[in-house]
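# Structural description and commentary
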Amino acid sequence: MAKDKTIFTCTECGGTSPRWLGKCPACGAWNTLIESVAEAGPGKNRLSAPQGYAGLAHAQPVMPLAAIEAQDVARTPSSIDELDRVLGGGIVEGGVVLIGGDPGIGKSTLLLQAMDALQRAGLPTLYVTGEESGAQVALRSRRLGIEGSQVRLLAEIQLEKILATVEATQPAVVVIDSIQTTYSDQLTSAPGSVAQVRECAAHLTRMAKGTGIAVILVGHVTKEGALAGPRVLEHMVDTVLYFEGDTHSQFRLVRAIKNRFGAVNEIGVFAMTEKGLKGVSNPSAIFLSQHSEPVPGSCVMVTLEGTRPMLVEIQALVDSGGPSPRRLSVGLDKDRLAMLLAVLHRHAGVACMDQDVFVNAVGGVRISEPAADLAVMLSITSSLRGKALPRGFIAFGEVGLAGEVRPAPRGQERLKEAAKLGFSVAVVPKANAPKKPIEGLTIHAVERVEEAMNVVRGLD
Ligand code: TYD
Ligand code: MG
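Treat the numbers as computed from the prediction; the structure is a model and nothing was measured.

## Concerning the site of ligand 1
Not every one of the 16 residues close to ligand 1 is listed here, only the nearest: Gly-104, Ser-108, Thr-109, Thr-273 and Gly-276. Backbone polar atom of Gly-106 to an oxygen atom of ligand 1: 3.0 Å apart, as the coordinates give it. Contacts to ligand 1 include Arg-140, whose side-chain N or O atom sits 2.8 Å from an oxygen atom. Across the complex, the protein chains shield 76% of the 560 Å² of accessible surface that ligand 1 would expose by itself. Elements with a contribution of two residues or more to the shell around ligand 1: α2 (107-120), α3 (134-143) and β13 (267-273). Of the residues forming the shell around ligand 1, the biggest block, 3 residues, is contributed by α2. Across the shell around ligand 1, the residue classes tally to 4 nonpolar, 6 polar and 6 charged.

## Some details on the domain arrangement of the protein
Frequently, the measure chosen for interface size is the accessible area removed from exposure when the parts meet. Taken domain by domain, the protein comprises domain 1 (1-45), domain 2 (75-281) and domain 3 (286-458). Relative placement of domain 2 and domain 3: their C-alpha centres are 36 Å apart. Taken together, the 16 residues of domain 2 in the interface contact 11 residues of domain 3. Where domain 2 abuts domain 3, roughly 1,100 Å² becomes buried across the two surfaces, and 51% of that area is made up of carbon and sulfur atoms. The tally of links from domain 2 across to domain 3 stands at 1 salt bridge.

## A few points about the sheet that holds strand β12 (residues 251-259)
Taken in spatial order, the 9 strands make up an open sheet running β8-β7-β9-β10-β6-β11-β12-β13-β14, and their pairing is mixed. A strand with exactly one partner marks an edge of an open sheet, and here the two such strands are β8 (152-155) and β14 (276-279). The sheet shows a mean angle of 25° between the axes of neighbouring strands, direction not considered. Bridge count for strand β7 (residues 125-129) against strand β9 (residues 173-177) is 5 bridges, and the pairing is parallel. Looking across to β9, one finds that Thr-129 is bridged to Asp-177.

## Structural notes on the environment of Glu-147
Topologically, Glu-147 is positioned in the loop between α3 and β8. Exposure remark for Glu-147: the relative accessible area of 52% places this residue in the exposed category. A sequence separation of 177 residues divides Glu-147 from Ser-324, and the C-alpha atoms of the two residues are 56 Å apart. Excluding residues that lie within four positions of it along the chain, Glu-147 makes contacts with Ser-141 and Arg-142.

## Considerations on unusual backbone geometry
Only a minority of non-glycine residues have a phi that is not negative, and only a minority of peptide bonds are not trans. Note the cis peptide between Asp-177 and Ser-178, where omega equals 10°. Note on placement: Ser-178 falls in the loop between β9 and α5 (194-211). Phi angles above zero are rare outside glycine, and Asn-31 is one such case at about 55°. Among the structural elements, Asn-31 can be located in the loop between β2 (16-17) and β3 (33-38). A positive phi angle, near 65°, is found at Ser-79, a position not held by glycine. Examined against the element boundaries, Ser-79 turns out to sit in the loop between β4 (75-76) and α1 (81-87).

Cut-offs used in this document
- Residues numbered from 1 in each chain as written.
- Chains lettered and ligands numbered in written order.
- Predicted model: local features only at pLDDT ≥ 70, side-chain atom pairs only at ≥ 80, totals over all residues.
- Heavy atoms only, no water.
- Near = heavy atom within 4 Å.
- Polar contact = N/O pair within 3.5 Å; in protein donor to acceptor, adjacent residues only side chain to side chain.
- Areas by Shrake-Rupley, 256 points an atom, 1.4 Å probe, with all protein chains shown as cover.
- Helix = DSSP H or I, 4+ residues; strand = E, 2+ residues; numbered from the N terminus.
- Nonpolar A, V, L, I, M, F, W, Y, C, P; charged D, E, K, R; others polar.
- Domains from an automatic or database assignment.
- Contact = heavy atoms within 4.5 Å.
- Buried area = accessible area lost by both parts, 1.4 Å probe.
- Salt bridge = Lys/Arg side-chain N within 4 Å of Asp/Glu carboxyl O.
- Pairing = 2+ DSSP bridges.
- Axes fitted to C-alpha atoms, helices over the stretch in contact; angles between N-to-C directions.
- Buried < 20%, exposed > 50% of the residue type's maximum accessible area, 1.4 Å probe, protein only.

Here is the structure:
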């Protein structure tokens, strides 16, 4: 068999070239050729189109779906409840999980804790560390109070050695910390390059599917917030988890953005303590800052991503700007902010044209659901007017371009959670108004943005 050789493959059309070229010779796209390993033998990289396929391969049997028995996937809970929640119940045999997040947010900490728990549960584990030495990991384990752990450790970055070790030690779960430091000898490009990350992840995924060993890949996030390396990594794996949260605050969220074995958008909540990450089982009130008196520019909303409602404070600061005023948002969508400002101007007569507008979701949480719209608008107008919203005030609801306020999914649950935490006044979309009153909560149901503004002015 001829030796595998390096070729360059176009990420757009799959065309190949023996050399790196700026422009793909097949489809003409620029900067799309990346290094990959060609399987030996000529003609393996492109499908020929013969007249019929019968000469190339035998037809395979097919079965009606009804005749196939559905099989539940075998899961092993990690006994870290908040992690199991985002994984959809636990680690799946042969499943590949990618876990991303900023440096220092707690990826290695969480995985070491999870591996220790799995090892205790009787699953053989292997923790491959490419970023830290064995001694550093041991130091962390001491901090976590698990220094007696039986988790097996391998400080290695070369893919072939890692795969050989996995073969020899037969673990049930392998952690690769991180995929960016892993490299294969078969490629000449540097570790961390797109080609290396892609090839290594592909090999590890193949190994997982072939052997039933679960693989957890740690991925770094770029400044822009995407997983460094190709997006193709997200397509390759079964589950993608992202760590969110402000490294300065104690709380961390782990969010499932893709899960072939569970619900997406499920959230696990942790607190970083002196002894590692601890699950927060009742997280609804952690993203509220504690004001002794209500302050202008702050509005609390109830967000419901995943299965649990959470109260999050939205803050806004509107201040006179220069000739080109700035719009900045942290934890909320910037384009959506621009849209909301336009709706405010057009439908409620509130102009911020010559003002800088900053909005922030407290605690480093990211809110992607449009139900935040009403709270964003109300915090902006509150800051502009210099008037605080009343004590115990919450709002949620999506706002449309025509100035209408649209319902948020599962409004009752949100309102009940707010009432439970002692909130007493709510402005919500009309369709979310409950049929029966909720004890302790005065509800103002609105259909339009103007109406919401009038309600708030009436509360002054
Ligand atoms: P780490 O897991 O190394 O982050 P990542 O792998 O995502 O880069 O987390 C490191 C941070 O967590 C570091 O700033 C110290 C802090 N930490 C604690 O506060 N308590 C602990 O018990 C541990 C192990 C780390
Ligand atoms: Mg780390």
